[in-house]
Amino acid sequence: MYDIQLKRIYAEISPDDGARVLVDRLWPRGKPREALELTDWYRDASPSPALRRLWHQKEITDREFAFRYSRELDRNRPALVPLLRWCRKGRLTLLSASRDLDRSHLPVLRGMLLEALAEEDSEADGGLASPPCYAGQFASGGYR
């Protein structure tokens with residue numbers, strides 16, 4: 001239902017990319033901002049510097065990295081909101097300078113985004129589109 005693709009920042013830009021969001025904490029080497037056609041550079045959804053350092057220095061496994069990064073994202077769900085908005089508008093292309101996207105943080109981030117979107121959709125199916133919407137409670141006599 002939602003279209004989230006992963007792409008290297010060094011790959012060719014395509015008109016089909018949709019919203020192009022760089023989700024690395026560090027700027028990619030040798031790339032001027034104008035040449036990237038970014039929709040946004042969103043660092044808040046990237047792994048913490050400490051976690052990234054542990055992983056790059058091979059002090060933790062890929063599996064441990066994915067687990068810890070998922071926990072970071074889970075504890076900071078508001079950091080996903082801008083990316084969720086882009087997902088709802090159409091294709092979102094998550095960009096990284098990582099050489100191997102399958103072993104990067106992007107698959108974990110995509111999974112968390114899809115999970116958050118599914119949760120929001122299931123809550124909306126329950127009748128209330130957002131937490132501040134109290135119409136259903138007034139109709140059922142829940143507030144007096």
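Please refer to the structure higher up on the page.
Residues numbered from 1 in each chain as written. Predicted model: local features only at pLDDT ≥ 70, side-chain atom pairs only at ≥ 80, totals over all residues. Heavy atoms only, no water.

Draft legend 1. Inspection of the pairing of strand β2 (residues 19-22) at higher detail. Side chains Ala19 and Val21 of β2 all project onto a buried face; the interleaved residues Arg20 and Leu22 project onto the opposite face, where all are buried too. By the bridge criterion, 4 bridges tie β2 to strand β4 (residues 92-96) in an arrangement that is parallel. In the strand pairing of β4, arginine 20 is matched with threonine 93. Across 2 bridges, the pairing between β2 and strand β3 (residues 40-41) is parallel. Bridged to valine 21 within β3 is aspartate 40. (Buried < 20%, exposed > 50% of the residue type's maximum accessible area, 1.4 Å probe, protein only. Helix = DSSP H or I, 4+ residues; strand = E, 2+ residues; numbered from the N terminus. Pairing = 2+ DSSP bridges.)

Draft legend 2. Fine view of helix α4 (residues 81-89). Of the positions making up α4, those classed as buried are Leu83, Leu84 and Cys87. In a view along the axis of α4, the buried residues occupy a sector of 100°, so they form one face of it. Opposite the buried face of α4, by more than 90 degrees, sit the exposed residues Arg85 and Lys89. On the buried face of α4, the contacting elements are β1 (4-8), β2, β4 and α5 (106-125). (Arc of directions from axis to C-beta. Contact = heavy atoms within 4.5 Å.)

Draft legend 3. Broad picture of helix α3 (residues 62-75). With 14 residues, α3 extends 20 Å between its outermost C-alpha atoms, agreeing within 8% with the 20 Å of an ideal straight helix rising 1.5 Å per residue. Along α3, the residues classified as buried are Phe65, Tyr69 and Leu73. Mapping the buried residues of α3 onto a view down its axis gives an arc of 65°, with all of them on the same face. Facing away from the buried side of α3 by more than 90 degrees, the exposed set consists of Arg63 and Arg75. Tucked into the core, α3 has its buried residues touching α2 (49-56) and α5. (Expected span 1.5 Å × (residues − 1).)

Draft legend 4. Local environment of the pattern of salt bridges. Per the stated rule, a full pass over the model turns up 10 salt bridges. Among the salt bridges present, the one from aspartate 17 reaches arginine 20, with a minimum N-O distance of 2.6 Å. Residue class for aspartate 17 comes out buried when judged on its relative accessible area of 1%. When the shortest N-O distance is used, the salt bridge between arginine 68 and glutamate 64 registers 2.7 Å. With a gap of 4 residues between them, arginine 68 and glutamate 64 both fall in helix α3, about one helical turn apart. Note on arginine 68: relative accessible area 32%, which makes it partly exposed. For glutamate 64, a relative accessible area of 29% corresponds to the partly exposed category. The network of salt bridges with shared partners includes Asp74, Arg77, Glu115 and Glu119. (Salt bridge = Lys/Arg side-chain N within 4 Å of Asp/Glu carboxyl O.)

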